[in-house]
Amino acid sequence: MIIRPHQHWFFRLFDWHGSVLSKIKNRLFLNVAMSCVALICLDWYETLGIKLTLAPFSLLGIAIAIFLGFRNSVSYARFNEARLLWGNLMIQQRTLLRQVKTYTQASDEELRPFVNLQIAFPLLLKDQLRKNAPSSDIGALLPADLWESLRRDPFPCNQILFLMGKWLERYRQRGDVSDILFQSMDQTLSRLASIQGGCERIASTPVPFAYSLIVHRTVYLFCTLLPLALVPDLHYMTILVSVFISYTFISLDALAEELEEPFGTAANDLPLNSLCNDIQINLLSMLGERNLPPRHQPNRHFRLD
Amino acid sequence: MIIRPHQHWFFRLFDWHGSVLSKIKNRLFLNVAMSCVALICLDWYETLGIKLTLAPFSLLGIAIAIFLGFRNSVSYARFNEARLLWGNLMIQQRTLLRQVKTYTQASDEELRPFVNLQIAFPLLLKDQLRKNAPSSDIGALLPADLWESLRRDPFPCNQILFLMGKWLERYRQRGDVSDILFQSMDQTLSRLASIQGGCERIASTPVPFAYSLIVHRTVYLFCTLLPLALVPDLHYMTILVSVFISYTFISLDALAEELEEPFGTAANDLPLNSLCNDIQINLLSMLGERNLPPRHQPNRHFRLD
Amino acid sequence: MIIRPHQHWFFRLFDWHGSVLSKIKNRLFLNVAMSCVALICLDWYETLGIKLTLAPFSLLGIAIAIFLGFRNSVSYARFNEARLLWGNLMIQQRTLLRQVKTYTQASDEELRPFVNLQIAFPLLLKDQLRKNAPSSDIGALLPADLWESLRRDPFPCNQILFLMGKWLERYRQRGDVSDILFQSMDQTLSRLASIQGGCERIASTPVPFAYSLIVHRTVYLFCTLLPLALVPDLHYMTILVSVFISYTFISLDALAEELEEPFGTAANDLPLNSLCNDIQINLLSMLGERNLPPRHQPNRHFRLD
Amino acid sequence: MIIRPHQHWFFRLFDWHGSVLSKIKNRLFLNVAMSCVALICLDWYETLGIKLTLAPFSLLGIAIAIFLGFRNSVSYARFNEARLLWGNLMIQQRTLLRQVKTYTQASDEELRPFVNLQIAFPLLLKDQLRKNAPSSDIGALLPADLWESLRRDPFPCNQILFLMGKWLERYRQRGDVSDILFQSMDQTLSRLASIQGGCERIASTPVPFAYSLIVHRTVYLFCTLLPLALVPDLHYMTILVSVFISYTFISLDALAEELEEPFGTAANDLPLNSLCNDIQINLLSMLGERNLPPRHQPNRHFRLD
Amino acid sequence: MIIRPHQHWFFRLFDWHGSVLSKIKNRLFLNVAMSCVALICLDWYETLGIKLTLAPFSLLGIAIAIFLGFRNSVSYARFNEARLLWGNLMIQQRTLLRQVKTYTQASDEELRPFVNLQIAFPLLLKDQLRKNAPSSDIGALLPADLWESLRRDPFPCNQILFLMGKWLERYRQRGDVSDILFQSMDQTLSRLASIQGGCERIASTPVPFAYSLIVHRTVYLFCTLLPLALVPDLHYMTILVSVFISYTFISLDALAEELEEPFGTAANDLPLNSLCNDIQINLLSMLGERNLPPRHQPNRHFRLD
């Protein structure tokens, strides 16, 4: 994710980092090339008696803009829901620890293994969503045998939740926590399970493929044919206007593609590393830990992973 | 559902599988034919003094694009809600088993019949939603008499939920589980009932028929008349431009029709088989089962059922 | 509601039943007449030096399409919420009966009067929403004095819920059901009250009247003036193009009007009779009843009431 | 709110009551005047060599329609949320009384003061939202000293809720109601508090002022300049077309302004008096009261306050 | 936030305060300058044989309006969610105090430290969201050592919630409050934690940067090139029309930028100071305090901070 400090509106126009420009520059060069071809062939082209006027392109461009607008809404809704789920993950983790600390009155020492499970949960979820193997620094938090078993489990987060439940159940069994208070903590666990399931759903269900295909295709075909329709009126200005229009459409198409998969590692995707780090700092700080890990900061291109 | 591995933007333009192109190719050929007719009749047509200009089509095309955009939103919202319900089904099934394992402290052996009910639930729901008879592999999971009774029941999922409730009630009766913990599990059952009801609602309530009819009709009439309006200006280019515009509108209309019924078996519908399979693997793995069934994979056309 | 079996896309274009065409044919004839008047007066009209060009109509048409699109969203949202409430009604009724059967362990015989209250609830709600007197077949389900009192009550569903609560309270008083389990059932009753209140809200609050009036009026004025703007260019084609554009706009306006009142009895409204019937079958089947009433089927015009 | 009985589509076109026409007639007259000025100055104006063509207005008009469409969505969402909150208020009041009657088994006589608090709650909320002093008929429902104290309280609804809680607490203290049942009733009180807070939020937070200002301004400037762009082509028809386009834009702007403040007293705002009246009738009827106050009816202009 | 008393529609057109005009006047002057350049160069420009017609700008302008409309929706949704969270904060604070007063029956004196924690919570949240150090007047409410510790805590609100939980736990430990009633209060605390987490999420996650960059850039490039396309037809009117169109687009872009960060201090952002003040007044008034602090009022530019 790009976290840009406030910029003057004027300098913002020329901001290079964080835009999708670097991604689509090849496609815009193709468009420039197409415009040049159209310019060169103009004389020969006019002898054919074919006049590709702008009118049908106008109609088509607006229609494509409407569909692209819809595709952007859908992609943004996925991005937003993913962020909401991770925000909720932070909330429920804090609430769970607050409940456990208040109800069980366990010492910080006793709580440590439980908090380690809490810290491992988002880390494992992150690796699962990005289709990576569980990263080895999770192992440092957990007993060796558990770590072994988690690495072989296709749904390790599930197992963590089950262990948390069992950890809490011990207090209930011993009568330290009444059924009612246990119920409250258990509901928080269920909410963590909902968050995990929601993230898995987003990761495993792309936007209907035909949809992104149709929009992608029509955007490109439109931008490719556009110079032919512009050139009879605009001559040399064709290059400028055609690249401008193409930039508008192609960059939004490219951005929609990035936002569509919010758990990816593209510039505009969610900074899962940093969110995991935030959760860890919060939980450790609630445990009275002094040596908190430093907070992740955006890199010099204002990007947070 | 189509699960496409990442493609370069350029090759994506020529992807054939997973688009709706195969479905609408007849309609596009009709459009080519209409364009040819328009081209051939052009001379005779111009002597009639009728000039079908593009202007009214421009207005109409944009209006239709707006309505088509709305229809797409509605269809996608149905698809999305259906996916949400099945994602929630996975979540509640996991939560239920976690609760049952933690609260009742039953052995994995004792839990087996209950987990079989859990596995049968999504399978029965799938067959009900797709209007198929319950598939015979469900029978293997259940006692023979129950299987007989389920096959005759118009709402078999309902009966499964009732049996789950009775199974849990036994533990409450014996005093193994307090009323409060029983309440928690019972609420999870109620959520399963809500999911079932939600799916039935989507399956039994189509998008208001007049709505899809009006959009479908105006899209086709528009695409059919379009060549007549394009031909005076574009001559031979009419075929290209007319097919391009028609592709944009007709493919979105066809996709909206697919997404409208998310429980169908078209290429862009939900992969219910694979979702049932995922739930089964999750539940069995939570039960400590070693021999898990393999996960469904997309076929060579990247399609997951 | 229209439940149309799958049609080939081509034949669908000529489907007559279930469209709003029958409703708007008069308005389209008026439009044809207007086009003919415009054609006949064309020569005289041109001598006046007034040229009603299409350009302002193009602008206006797109603006109206945007507003009509919004009005359609609003109407559809009402339809959808109404369907959601009735779907939820089914869910809560099933859940309530499951809870009552599991918790109270009452025999099917004892449960019968309670289930009759459950069956009467949607029937009374339906009649209230459609502003009919309670239909007499509800009387057969209930004790005579209750039926008398319900017929005089302006909010009979309310009274049914209160009686259900009292019926459950008896079991709590006798100690058959603990406070906690009673709480669960009582929450289900509260959800039924929410559903009732939600339906009443939709029925008693129309879309802001000025809104539907403004859209209705501008659509008609637009369609009436349109032939005057089309005729200078299109001559005889005016009739075809003008009717086509009018069909697009007027049919969507008419459909929005139908969906706006989802509890009405128009072709695209909710099939409340059939939903009540479904609830009844479900409840009786859960009670082990053998002689279930038959399920409602769409009539030969594919319409379900 | 306007509650219009069903009208034939044709007569609806000429409905005067309930439209915003009366509100915007001055603005439309200004527009007619502007058109006349444009007509008169046409000759002089053409000698200046300035040609204000419709093309930039077309672009601008569509852009404004898009923004106006968004503003309408926002205003309608506020209206709808306000209606939802008041609908929910009815639901929670009924549920609360049902719970209190069932759980406490208090006689109707004992319940009377509590029901009076319930009836006073929406009345006080209404006056607070409309920024009126509490109307004196509330005083008749309450003890004199409470009434005095409420009149001086800036948030009287808050105090009512607190008194309700204390009233219920008495039953809990006496052991008539268990903690669990008390919890259920208390949650209903919390929902009433949420409704109150939601209404206060809508009333105290307008749509961002700059937003409605920008749209308001561009709509008017657009409508004022429009005749200048129409007159070269349309001559005398300018008046008709310009008023028609202005009507479409200005009436929607005026309506958005009305819906924006749903607790106001304009024609399309919520009928808070009638909603309070409905709640009162419901509660009294649940208490077995015979002499119910009559229900509010729309006045002869179909308006309900 | 701007709280404008009702204005006549005519005077509203000339309202200066609260619009974003002051912010964008430089950009509009640039546009005027560009128009003048275009006017001066017109003759030389026409000799180049380049004709920048309005048609491609029309297409582009509408496309940009659609994307800008989407960006406005996204920004407004953030603003609205932020307002919802703070509205909910008020609701939960009131509910918490109502519950604590009713359940614990503590005297107002005993409650004072708890209410101080409640008052400190929104103040600390406000400072955290606006990235300020905790303001010193919070210190007056709290014990000195707690204040010291809060100032060093990166997430002070978290600590406040934990202290509230511990304060309530004392009553539970002493048996003054049963587990069930404690559960109700604890759930209210969890809701406060959700609100805090939601606000932090909005503050730490901007709208995807590429999105606002693309729209910002295309809006400016469009407005800059527009005079070149308008000047051949409109001559001197170019300045007026070009500034008008630019005003429409640029002001909405600037407003979207303000609403995007609802916790900022721009004119259209949320009045967090005033919301904190309202919460304080409510809580103190519920505690029977006589000397309530005065309510914040809009300043003479109708602005509330």
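Model, not experiment: these values are computed from the prediction.

1. Thoughts on the arrangement of the chains
Chain C makes no contact with chain A, the minimum C-alpha separation between the two being 11 Å. Across all C-alpha pairs, the smallest distance from chain B to chain D is 11 Å, and the two are not in contact.

2. Comments concerning the relation of the copies chain A and chain B
It takes a turn of 72 degrees to lay chain A on chain B, together with a shift of 0.0 Å along the axis; the resulting RMSD is 0.0 Å. On this basis, the relationship between the two copies can be described by a five-fold rotation axis. Both copies present different contact surfaces, since only 10% of the interface residues of chain A are interface residues in chain B too.

3. Quick notes on the UniProt feature "transmembrane region" (unreviewed entry) in chain A
Residue and element names in this part refer to chain A. Mapped onto this numbering, the UniProt entry gives "transmembrane region" (unreviewed entry) at residues 28–45, 51–70 and 209–230. Taken as a whole, residues 28–45 contains 100% helix and 0% strand, while its terminal C-alpha atoms sit 23 Å from one another. The span residues 51–70 shows a helical share of 85% and a strand share of 0%, and its end C-alpha atoms are spaced 32 Å apart.

4. What about the environment of P206(B)?
The residue P206(B) is located in the loop between α7 (179–204) and α8 (209–234) in this model. Sequence-wise, P206(B) and L272(B) are 66 residues apart; in three dimensions their C-alpha atoms are separated by 19 Å. Every residue in contact with P206(B), bar those within four places of it in the chain, is listed here: R78(B), E261(B), M1(C), I2(C) and I3(C).

5. Let's talk about the interface of chain E and chain A
Contacts between the two partners involve 62 residues from chain E and, on the opposite side, 71 residues from chain A. Interface area for chain E against chain A, summed over the two sides, is near 6,000 Å², with a carbon-plus-sulfur share of 70%. Taken as a group, L59(E), F209(E) and R217(E) account for 13% of the area that chain E buries against chain A, more than any other trio of residues on that side. Seen at the junction of chain E and chain A, the total is two salt bridges. Elements that contribute at least two residues to the side of chain E that touches chain A include exactly α2 (21–47), α3 (54–104), α6 (156–173), α7 (179–204) and α8 (209–234) of chain E. The element contributing the most residues to the side of chain E that touches chain A is α7(E), with 16 residues. Within the side of chain E that touches chain A, the residues separate by chemical class into 32 nonpolar, 17 polar and 13 charged.

6. Structural notes on the environment of T205(D)
For T205(D), the location among the structural elements is in the loop between α8 (179–204) and α9 (209–234). Between the C-alpha atoms of T205(D) and V177(D), which are 28 residues apart in sequence, the distance is 40 Å. Look past the residues within four positions of T205(D) in its chain and what remains in contact with it is R78(D), M1(E), F79(E) and R83(E).

Definitions and cut-offs
- Residues numbered from 1 in each chain as written.
- Chains lettered and ligands numbered in written order.
- Predicted model: local features only at pLDDT ≥ 70, side-chain atom pairs only at ≥ 80, totals over all residues.
- Heavy atoms only, no water.
- Contact = heavy atoms within 4.5 Å.
- Least-squares fit on C-alpha atoms with pLDDT ≥ 70 in both.
- UniProt positions renumbered as here; feature names shortened; annotations may be inferred.
- Helix = DSSP H or I, 4+ residues; strand = E, 2+ residues; numbered from the N terminus.
- Buried area = accessible area lost by both parts, 1.4 Å probe.
- Salt bridge = Lys/Arg side-chain N within 4 Å of Asp/Glu carboxyl O.
- Nonpolar A, V, L, I, M, F, W, Y, C, P; charged D, E, K, R; others polar.

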